[in-house]
Amino acid sequence: MSCQTPLATSVPQANCLDLWREKNDQLVRQAKVAQDLGLSLRRQQLAQDALEGLRGLLHSLQGLPADVFVLPLELTVICNFTTLRASLAQGFSEDQAQDIQRGLERVLETQKQLEPRLEHGLRGLWNCALHASSSLPELLPTLHHLAGLQAALWLSTDHLGDLTLLLQTLNRSQSGISEDLLLLLKTWSPPAKESDDLLTLQDAQGLRNILLTAFAYRQGLQELITGSLPRALNSLHEAASGLCPRPVLVQGNPQRALLYLVAALKGESICGPPLLEASRLYRQLGNTAAELESLELLFEALSVTPSSEAPHFLIEVELLLPRPDPASPLHCGTPSQVKHLLASRCLQTGRTEDAVEHYLDLLALLDGSEPKFSPPPCPPGPCMPEVFLEAAAALIQAGRAQDALTICEELLSRTSSLLPKMPWLWNNARKGTKESTHCPPWVSATFLLQGQAWVQLGAPKQAISEFSRCLELLFRATPKDKEQGPASNCEQGCMSDVALQQLRAAALISRGLEWVASGQDTKALQDFLLSVQVCPGNGDASFHLLQTLKRLDRRDEVTALWRRLEAQTKLPQENATWSLPLYLETCLSWIRPPDRETLLEEFQTSVLEPCDL
């Protein structure tokens, strides 16, 4: 700086102080002009120039002896420099912690009490500096501003104990009176800015609001992880409702950590809990309507076109939150992942029409982003073929069989390169060749669903043909050899032993029911017997077999099977430790016989009692 002050002068000349104040204000204006330029090289250059200007101004101020009259300016420059630097770097560094510490040391230098306090570290420096401000009220506003940056740094680095003590000191509380960080943040009331104050990029009140939102959200996530569901819901609700002005809540990139807002991205009112976390909590609490509403709002938020405006040069909420990763509750996923979750939950909860609409939207969304199918290294959740199969199952459930056939045909056409050479496979089957080939199980599932669609359309021949194609693949094709390496996620979709057994049973029962409908009980009997053999755990197969044996008047076999089924119903039911693909669960629900206990009672009356007479 061109303005130099003699070291012997305790108070800098007024014109030098005015020049420094003007320089600070000019650099702040430059940074604000830069942030309004949008994403451009010019913006970055202006911001970097402003940062270097603040660095140079701070160096000049700290090259002089610490002075009470200059300290408000010096601390303000530290705050502006730290804010701009953290914003450009998207994080805090050790250098910034040292800048804050140097500011505190300069305060204590004016009180001639620095040396004895250095041994107490940064916490001791804060206690002394805030105590000194009681006799230097002109320093109080800038000290609170600096304290806000210190709080942001400690929150971002998980130094919550230090942060608690700092807030207790700021609130003039005695240690131990309150250790509730959220309460301390609410209680903290930084001094209001005066009209003639120095310009700042972000004031203490703004930092307090950011800290409130960030900590409430972090606390809610932690309570969610530890299973404290009601407390988690309250904390997450507080993060988005009433703690902060709407501009604070919606700042930053809405497709990352700030997607916890329920209504901030949707309208003017802020009245709901965070989105993805709320949907999970509502699901665990059994509130399906609220869960689906949260997912719909999350999809809308994720679908918002990212603003072309560059972020402000401020300490923002995102800066204080952990980096999201796919395994974390912070991870909101993509629009297609959320849309799939919404569609599948509607299907699982019996909201069939809604499920259909969501699945069709999802397929259109995927079609726009992935025009050519290839088996991906999928993220958690179903891969592309399973999405098609779930959509087809939802359409059948909604009575739209023809549309379901279209979906299945589309899937087979997109994945034709992955399928075995069918004529070669059929030739081997006809010749009785035992050589097998790999075929993803979802191909068989596609034929199963096509068969169910033909059943709904009243075309038994086509239905039986599709069920037979499904069974040919299931019994002739085998999973990849383990020596060939791990299968892709798409191939693993329903390759557990349990799922394969249930898929075979579903195809056999479905074909058997068509034989029954056409009056061919003998053929139906073969399919039901085989389904019991391939999937002993499928009780539906046994009940269909029981009914068929009764129609064929095979009383001894009916009696034996009835006694076995009745004994099974009296055993304690164990919770299943496995899960099935959703499309398969849906398909199994269509072939499930009515209430089993009632059916057994009817058999006891109509078959067993006459036998006993």
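The structure we're discussing is the one just above.
Structural notes, computed from the coordinates. (Residues numbered from 1 in each chain as written. Predicted model: local features only at pLDDT ≥ 70, side-chain atom pairs only at ≥ 80, totals over all residues. Heavy atoms only, no water.)

**Structural notes on the overall build of the protein**
Okay, so step 1: Looking only at helices and strands, the protein features 26 helices and zero strands.
Okay, so step 2: Looking at the protein as a whole, 51% of its 613 residues are labelled buried. (Helix = DSSP H or I, 4+ residues; strand = E, 2+ residues; numbered from the N terminus. Buried < 20%, exposed > 50% of the residue type's maximum accessible area, 1.4 Å probe, protein only.)

**A word on a negative patch on the surface**
Okay, so step 1: A grouping of Glu-293, Glu-296, Glu-353 and Asp-354 is seen on the molecular surface, where their side chains present a negatively charged patch.
Okay, so step 2: Those elements that place two or more of their residues in the negative patch are α13 (288–303) and α15 (352–369).
Okay, so step 3: With respect to the element layout, Glu-293 can be found in helix α13.
Okay, so step 4: The class for Glu-293 is partly exposed, based on a relative accessible area of 48%. (Patch = residues over 30% accessible without salt bridge, like charges linked within 9 Å, V, L, I, M, F, W, Y side chains within 5 Å. Areas by Shrake-Rupley, 256 points an atom, 1.4 Å probe, with all protein chains shown as cover. Salt bridge = Lys/Arg side-chain N within 4 Å of Asp/Glu carboxyl O. Lys, Arg positive; Asp, Glu negative; His and termini not counted. Charge placed at Lys NZ, Arg CZ, Asp CG, Glu CD.)

**Considering the nonpolar core**
Nonpolar side chains in soluble globular proteins generally cluster together in the buried interior.
Okay, so step 1: Residues Tyr-359 and Leu-448 are the most contacted members of the largest nonpolar core, which totals 75 residues.
Okay, so step 2: With sequence-adjacent residues up to four places away left out, Tyr-359 is seen in contact with His-340, Ala-343, Ser-344, Leu-347, Val-387, Glu-390, Ala-391, Ala-394 and Leu-582. (Core = buried A, V, L, I, M, F, W, Y, C linked by side-chain atoms within 4.5 Å. Contact = heavy atoms within 4.5 Å.)

**Brief notes about the state of the cysteines**
Okay, so step 1: Evaluation of the coordinates by the stated rule reveals zero disulfides.
Okay, so step 2: The structure places no disulfide on Cys-587, whose sulfur is separated from the nearest cysteine sulfur, that of Cys-470, by 8.7 Å. (Disulfide = S-S within 2.5 Å.)

**Observations regarding the pattern of salt bridges**
Okay, so step 1: Following the criterion strictly, the structure yields 20 salt bridges and no others.
Okay, so step 2: The partner of Arg-400 in a salt bridge is Asp-403, and the shortest N-O contact between them spans 3.0 Å.
Okay, so step 3: Between Asp-527 and Arg-511 there is a salt bridge, and its shortest N-O distance comes to 2.9 Å. Of this pair, Asp-527 sits in helix α22 (residues 521–534) while Arg-511 sits in helix α21 (residues 497–517), and the two are 16 residues apart along the sequence.
Okay, so step 4: What makes Arg-511 buried here is its relative accessible area of 18%.

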